[in-house]
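What follows is the residue order along each chain.
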Amino acid sequence: MTETMTSTSAAPPRLPVPFLDLGVQTAEVEAEVRERWDRILSTSGFVLGPEVERFESEFAAYSGARHAIGVGNGTDALEIGLRAAGIGAGDEVIVPANTFFATAEAVLRCGAGLVVADVDDDYLLDPLDVAARVTPRTRAVVAVHLYGQMAPVARLREVVGPDVLLVEDAAQSQGARRDGFRSGGTGDVAATSFYPGKNLGAFGDGGAVLTSSDDIDQRARRLRNHGGVNRYEHLEVGTNSRLDALQAAVLSVKLTRLDGWNAQRSAAAARYGALLADAFADVPELVVPRELPGAAHVWHLYVVQVPDRPAVSAALGAAGIGHGIHYPAPVHLLPATAHLGLRAGLAPRAEAHTDRILSLPMFPGITASQQEHVVRTLHSTVTGRTAPSTVIP
Ligand SMILES: *Cc1c(COP(=O)(O)O)cnc(C)c1O
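In this text, all values refer to a predicted model and were calculated from it rather than measured experimentally.

J.: Which residues make up the sheet that holds strand S10 (residues 295-296), and what values go with them?
T.: The strand order S7-S6-S10 describes an open sheet built from 3 strands, whose pairing is antiparallel. Strand pairing shows two members of the sheet lacking a second neighbour, strand S7 (181-182) and S10, which therefore form its edges. As paired strands, strand S6 (residues 177-178) and S10 are joined by 2 bridges and run antiparallel to one another. Residue pairing in the sheet places Arg178 in a bridge with Ala295 of S10.

Now the structure itself:
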């Protein structure tokens, strides 16, 4: 994953704290993956097949959905999931203003109308604002479990009523829970991504649709394979978006370790929380993320709000600290959605977050000294002074 790096020197910066380091995960699974890959190579079964079916059932069970359908990437998973649930032209779909563009892109690719709602103080879809945007044409609301924490699914279900589909964008939240609900196992349909940097990442692109509806399952299986399950039997216009056996093998091996890696992320988040609380006790402009009561956050990203972000970003860059902005613009203010005529001011909270959010390095295996370096650098930049040595040695 390429992330914003700012450096004033011409030489490539030394990077004591990468934004994301997949090395720990890869090293842990490498031997097992090679064994499975050898078996696949000996059979030449590269697309779908038993390795994919095995992963689909493992991942469905893990997520608490009855079916998982492996597809080419998370964006296709969203589009195929929406189409399989019957979303199309004339329908309206509500999405949060702050999400990766793919959430909105999938809605538009289905031919549906994009309706943007604001987020709450925890960056998650605000049920009250959603309620205000429901019309007779509303067919679905996409709960994005942003940064690894589940959106308020129970409240969203309540405010939209039984006739509107609850769709989960679970690309950043594999393993997350909230109030007894599980990421990917809660909505009428869910989509997830196995892009390498996600909590459960392949060695390339991959994604899955999740559902407990037999009808949506069947239709998603058709849509990912040219509109038919059997060769040359095309019942409708679908697409080619199938999961590779090689990627399914990686995912199947990695899935057995996902809870452990999520626990490492959670420990790293707790360490950031403690370090930041100490260093910024008297600096209310620095806002730290929280894990909501009743929620198990899986910390795909650790996002803080900082004053004067350009200066903070430059200082982190100079100190060799990888960081990112997720996302630099809300979906309704992107060039790609300009034709919809949505205005600034439509999602005031998301718009206010846009200029202040900053994602700090977060991955299984990040060390305490790396995190201390991050917080020390943040502190000296934000407050213009060096951290007291009693706080961070
Ligand atoms: C990554 C991501 C997607 C898209 O997944 P791809 O596999 O990259 O297509 C969709 N929504 C969110 C919230 C994401 O983070």
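J.: Explain unusual backbone geometry residue by residue, including any values.
T.: In this structure, Tyr327 follows His326 across a cis peptide bond, with omega equal to 20°. Locating Tyr327 in the fold gives a position in the loop between helix H10 (309-318) and helix H11 (348-354). Positive phi values are uncommon outside glycine, yet Tyr232 reaches one of about 65°. Structurally, Tyr232 can be placed in the loop between helix H7 (214-223) and helix H8 (245-255).

J.: Outline a nonpolar patch on the surface, listing residues and values.
T.: Nonpolar side chains collect at one region of the surface, where Leu41, Phe46 and Val47 lie side by side and expose about 270 Å² of accessible area between them. Within the secondary structure, Leu41 is located in helix H1 (residues 23-43).

J.: Let's hear about the domain arrangement of the protein: which residues, and what values?
T.: By domain assignment, the protein separates into domain 1 (25-255) and domain 2 (258-383). Distance between the C-alpha centres of domain 1 and domain 2: 25 Å. The three residues of domain 1 that bury the most area against domain 2 are Tyr123, Tyr147 and Asn199, which together make up 21% of that side's buried surface. Our count for the domain 1 to domain 2 interface comes out at 2 salt bridges. We note a salt bridge from Asp122 to Arg290, for which the minimum N-O separation is 2.8 Å. Summed over the shared surface of domain 1 and domain 2, the number is 25 residue pairs in polar contact (both at pLDDT 80 or more). Where the side of domain 1 that touches domain 2 is concerned, the elements lending two or more residues are H1, strand S2 (92-96), helix H4 (101-109), strand S3 (113-117), S6 and H8. Per-class residue counts for the side of domain 1 that touches domain 2 are 19 nonpolar, 11 polar and 12 charged.

J.: Can you explain the side chain of Ser359? Please cite residues and give values.
T.: Mapping Ser359 onto the fold places it in strand S12 (residues 357-360). Look at Ser359 and you get buried, because its relative accessible area is 0%. At a separation of 2.7 Å, a polar atom in the side chain of Ser359 contacts the side chain of His326. Contact partners of Ser359, with chain neighbours within four places excluded, come to Phe19, Leu301, Tyr302, Val303, His323, Gly324, Ile325 and His326.

About the cut-offs
- Residues numbered from 1 in each chain as written.
- Predicted model: local features only at pLDDT ≥ 70, side-chain atom pairs only at ≥ 80, totals over all residues.
- Heavy atoms only, no water.
- Pairing = 2+ DSSP bridges.
- Helix = DSSP H or I, 4+ residues; strand = E, 2+ residues; numbered from the N terminus.
- Patch = residues over 30% accessible without salt bridge, like charges linked within 9 Å, V, L, I, M, F, W, Y side chains within 5 Å.
- Areas by Shrake-Rupley, 256 points an atom, 1.4 Å probe, with all protein chains shown as cover.
- Salt bridge = Lys/Arg side-chain N within 4 Å of Asp/Glu carboxyl O.
- Domains from an automatic or database assignment.
- Buried area = accessible area lost by both parts, 1.4 Å probe.
- Polar contact = N/O pair within 3.5 Å; in protein donor to acceptor, adjacent residues only side chain to side chain.
- Nonpolar A, V, L, I, M, F, W, Y, C, P; charged D, E, K, R; others polar.
- Buried < 20%, exposed > 50% of the residue type's maximum accessible area, 1.4 Å probe, protein only.
- Contact = heavy atoms within 4.5 Å.

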